[in-house]
Structure formats: C-alpha cells, structure tokens
Amino acid sequence: MPVLVVGSIALDTVKTPVEEHADLLGGSASYASVGASFFSAVNLVGVVGDDFPKAHIEFFSQREIDLTGLQKAQGRTFRWSGEYLWDLNTRETRSVELNVFEHFTPTLPADYRQTQVVLLANIAPKLQGHVLDQMERPRFVIADTMDLWINIAREDLEALLPRVDMLILNDSEARQLTQETSLIKAGARIRAMGPRYVAIKKGEHGCLLFGDGRFFSCPAYPLEDIHDPTGAGDTFAGGLAGYLVSQGGEVGFEQLRKAVVMGSVLASFNVEAFSLERLRTLSAADIQARYEMFRLMSQFEVVE
Ligand code: AMP
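A few points on the structure. (Residues numbered from 1 in each chain as written. Predicted model: local features only at pLDDT ≥ 70, side-chain atom pairs only at ≥ 80, totals over all residues. Heavy atoms only, no water.)

**Description of the sheet that holds strand 3 (residues 20-26)**
Definition in use: Note: two strands are recorded as paired if DSSP finds a minimum of 2 bridges between them. Numbering of helices and strands runs from the N terminus, with a helix taken as a DSSP run of H or I at least four residues long and a strand as a DSSP run of E at least two residues long. As a rule, the C-alpha atoms of each element are fitted with a line to give its axis, helices using only the stretch in contact, and angles between N-to-C directions run from 0 to 180 degrees.
In spatial order, the strands read 3-2-7-8; together these 4 strands make up an open sheet with mixed pairing. A single partner strand is all that each edge strand has here, and the edge strands are strand 3 and strand 8 (91-97). For this sheet, the mean inter-axis angle between neighbouring strands, taken without regard to orientation, is 20 degrees.

**Things to note about helix 2 (residues 54-62)**
Filter applied, for reference: With a 1.4 Å probe rolled over the protein chains alone, any residue whose accessible area is under 20% of its type maximum counts as buried; one over 50% counts as exposed, and the rest are partly exposed. It is the directions from the helix axis to the C-beta atoms whose arc is reported.
Within helix 2, burial applies to H56, I57, F59 and F60. Projected down its long axis, helix 2 shows its buried positions confined to an angular sector of 155 degrees, all on one face. In helix 2, those exposed residues whose orientation departs by more than 90 degrees from the buried face are K54 and Q62. A positive backbone phi angle near 60 degrees is found at E64, which sits one or two residues after helix 2.

**So, the site of the ligand**
Quick note on the threshold: Only heavy atoms are used to decide nearness, and a residue is near a molecule or strand if one of them lies within 4 Å of it. Residues adjacent in sequence count toward polar contacts only when both atoms are side-chain atoms; beyond that, a polar contact is any pair of N or O atoms within 3.5 Å, and within protein one must be able to donate a hydrogen and the other to accept it. Exposure was quantified through the Shrake-Rupley algorithm and a 1.4 Å probe, taking into account, for residues, occlusion by the shown protein chains and nothing else.
Taken together, 17 residues lie near the ligand, and S8, D12, G27, R91 and G231 sit nearest. Contact distances for the ligand include 2.8 Å between an oxygen atom and a backbone N or O atom of G231. Interatomic distance of 2.8 Å between a side-chain N/O atom of D234 and an oxygen atom of the ligand. Taken by itself the ligand offers 510 Å² of open surface, and the protein chains cover 89% of this. Only strand 2 (10-15), strand 7 (78-84), helix 4 (147-152) and helix 8 (232-247) provide two or more residues apiece to the shell around the ligand.

**Things to note about the nonpolar core**
Note the cut-off: Residue types Ala, Val, Leu, Ile, Met, Phe, Trp, Tyr and Cys, when buried and joined through side-chain atoms within 4.5 Å, form a set referred to as a nonpolar core.
In terms of nonpolar packing, the biggest core is built from 59 residues, with V3, F140, I142, M166, L240, L256 and I287 touching the most fellow members. Considering each element in turn, this core owes the most residues, 10 residues, to helix 9 (residues 253-270). Counting residues in hydrophobic clusters, the runner-up holds 45 residues, among them F101, V131, L160 and A186.

**Quick notes on the packing of aromatic side chains**
Quick reminder of the rule: In this scheme Phe, Tyr and Trp rings, the latter by its six-membered ring, pair at centre separations within 6.5 Å, and the angle between planes marks the pair as stacked below 30 degrees, edge-to-face above 60, and tilted otherwise.
All told, the structure shown has 7 aromatic pairs when counted by the stated rule. Here F59 and F60 contribute two aromatic rings whose centre-to-centre distance is 6.3 Å and whose plane-to-plane angle is 25 degrees, an arrangement assigned as stacked. By relative accessible area, F59 is classed as buried at 5%. Relative to F294, the ring of Y221 lies with its centre 5.9 Å away and its plane at 70 degrees, an arrangement referred to as edge-to-face. Remark: F294 occurs in helix 11 (residues 284-298) and Y221 occurs in the loop between strand 14 (214-218) and helix 8; sequence separation between them is 73 residues. Owing to a relative accessible area of 18%, Y221 belongs among the buried residues under this scheme.

**Focus: the state of the cysteines**
In plain terms, the rule: In this description, a disulfide is simply a cysteine sulfur pair whose atoms lie within 2.5 Å.
Within this structure, the stated rule accounts for 0 disulfides. Sulfur of C207: no disulfide; nearest cysteine sulfur belongs to C218 and is 6.1 Å away.

**Comments concerning unusual backbone geometry**
For N99, which is not glycine, the phi dihedral falls at a positive 50 degrees. The backbone phi angle of S275 is positive, close to 50 degrees, even though this residue is not glycine. Among the structural elements, S275 can be located in the loop between helix 9 and helix 10 (277-281).

**Description of the pairing of strand 14**
Summarising the sheet, strand 13 (residues 207-211) and strand 14 pair through 5 bridges and their orientation is antiparallel. Along strand 14, the bridge assignment pairs F210 with F215. Hairpin geometry of strand 13 and strand 14 is characterised by an intervening segment of 2 residues between the two adjacent antiparallel strands and by a positive phi of about 55 degrees at D212.

**A closer look at the side chain of N122**
Note the cut-off: Should any heavy atoms of two residues lie within 4.5 Å, those residues are considered in contact.
Locating N122 in the fold gives a position in the loop between strand 9 (117-120) and helix 3 (125-133). A distance of 2.8 Å separates polar atoms of two side chains, one belonging to N122 and the other to W149. Not counting residues within four places of it along the chain, the set of residues in contact with N122 comprises G7, S8, S28, Q128, D144, T145, M146 and W149.

See the structure below:
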C-alpha cells in the first residue's frame, strides 16, 4: 500500500555558519517522499520546472516513488534560500522564488484517489484541501504546515484542520497558531480545532504527541554533528507516514507512538548532510541499528 505525498519540490540554497551550497534538491515533498520510501511505496504529487535536473527524477524513481502525479511545467522550479545562525536552530529565509509553484494545482491521477494514507506536506493549506477534495475517503490524513500559512492563510488552515486526522508542526508554530505559551495547552487547543492527533516538534529536543487522552514525549536522537537541518521536519513526517503504512491495520495512538520514534530516527540521519545526501546512502540496517541505540538510550531506570 502506498502513501500519497503532496508538497513542494525545490532547488534550495542553504547557508550554515560553515558552508553554503546552491541549487540543492529540496522541498517538503522531496524530503517527505524519500523519507516515506524507506518503509512503503509512495505516490508523489508536485510540480517541477523545465530546469529540474533529470538526475533528481532518476533518484526518485530509484526509490520506487511513483511519479505519475509529478507535473512538469514550463519555467523555473520553485526556489528557496535559507540561512542558519550559529546554533543551527534559528533559520532566516533569504529568498523565495515561486516560479512554477505559483500556478500549481495538485491534480491526482485516477489511481491515486483511493490511497489510504495521505501526507499533506508543507504547501498552502488551500492546495492541501484541494487534494482532499479529490480523494475517496482516505483512512488517515496527516498535514504539515509552517509559520507563513499561519500568518497569511489562517482561515484556509482553520478550514483544513477538521479534515485531517493529524497535524504536525513545530513548537513556535504551535504557539503562534494557538497563542498559548504552554505546549501542552497548545496541543489540546489544536486538537479542539479538528485533528484527533497532534505532533509538536521541538527541534533538537524531540517531539510531543497528543491524542485519545494520551501523551507521549519522544526524545531526539543525540547527534554530535549536524550539517544541515533543512527538511528534518519533512523527513520526520515522511518516515512517520511510511512506517504507519508499513504496519497496516488500524491507526491509533499506539501505532503513532512507534511511528513518531521511526520518524525521529529518520530525521536524525537527514541532518547529517546537506540536502537529501545522507538519505541517498542510508540502508535499512542503518535505520534499525540507530533505532536500537535510540531505544536503549531512552530507557529509564525506575527507582521503586
Ligand atoms: P523544513 O526544514 O522542514 O522547514 O523544510 C524545508 C523545505 O521547505 C525546503 O527544502 C524548502 O524548499 C521548503 N519550503 C520553504 N518554503 C516553502 C513554502 N512556502 N512552501 C513549500 N515549501 C517550502
């Protein structure tokens, strides 16, 4: 069973305090679909321009990502540029060029419409809603978002939320969306806006999962060397969605708890190199080994 991923496909320019690289493969859907592909088949919906390198298309194909839903439009591919400050947590967007993204309408090929698990990676909430309009009763819908949409498209986002089963966002976005300082209160408030489950990411401090009257605090894998945090959130969401699909059956809090751990493991690899470079060489054995290490490191010694 595949997971349907829709989002941006980009050529990114990324600057950290030590390195800068231009025209890298990026975009929310690129990270999310490659992340998901470690666990399940993927149907990708997005748009690229006529300058998009063939090698990237081949990379998606090699990962068995179905590209029937990939539109090729005349013009330049969406471009984003960002700079990280010394802590590698604070990021400033330097420029955004919408290019072919400006007139993008996600259109689902007929055989994508029955996909059971949908990941609406970060794009305008109106477009995320448009994807759902074309679906035939998906079983589990996950949405990601960003500060930009909370600022300029709050109404569209609020209209989307009752239509999704799970919202993934980071701590500052959760505070911005709810006006709550406490992330616990923010999680509850977002659930009241529609999604049954909410995951709030806290960067290098892990992730909080809310739903069904339950709560899970997932630590982050402690990494010594972070080279490029871009796409960590998208890889997390993709890994989570792909893992859920691979497990089959019902999706509830228990399944999501495991999926959040797998998403975290996958995201921890992604930040070890620029763009999707680390994911290119990643193996199932690497994922399993890090998962085992993560599990051991996260265990408590409980004093009776
Ligand atoms: P993240 O680091 O998880 O926030 O995701 C970074 C990716 O999001 C980059 O590869 C960008 O190309 C992409 N991105 C940046 N701005 C937008 C936007 N407005 N809509 C969709 N994708 C975006």
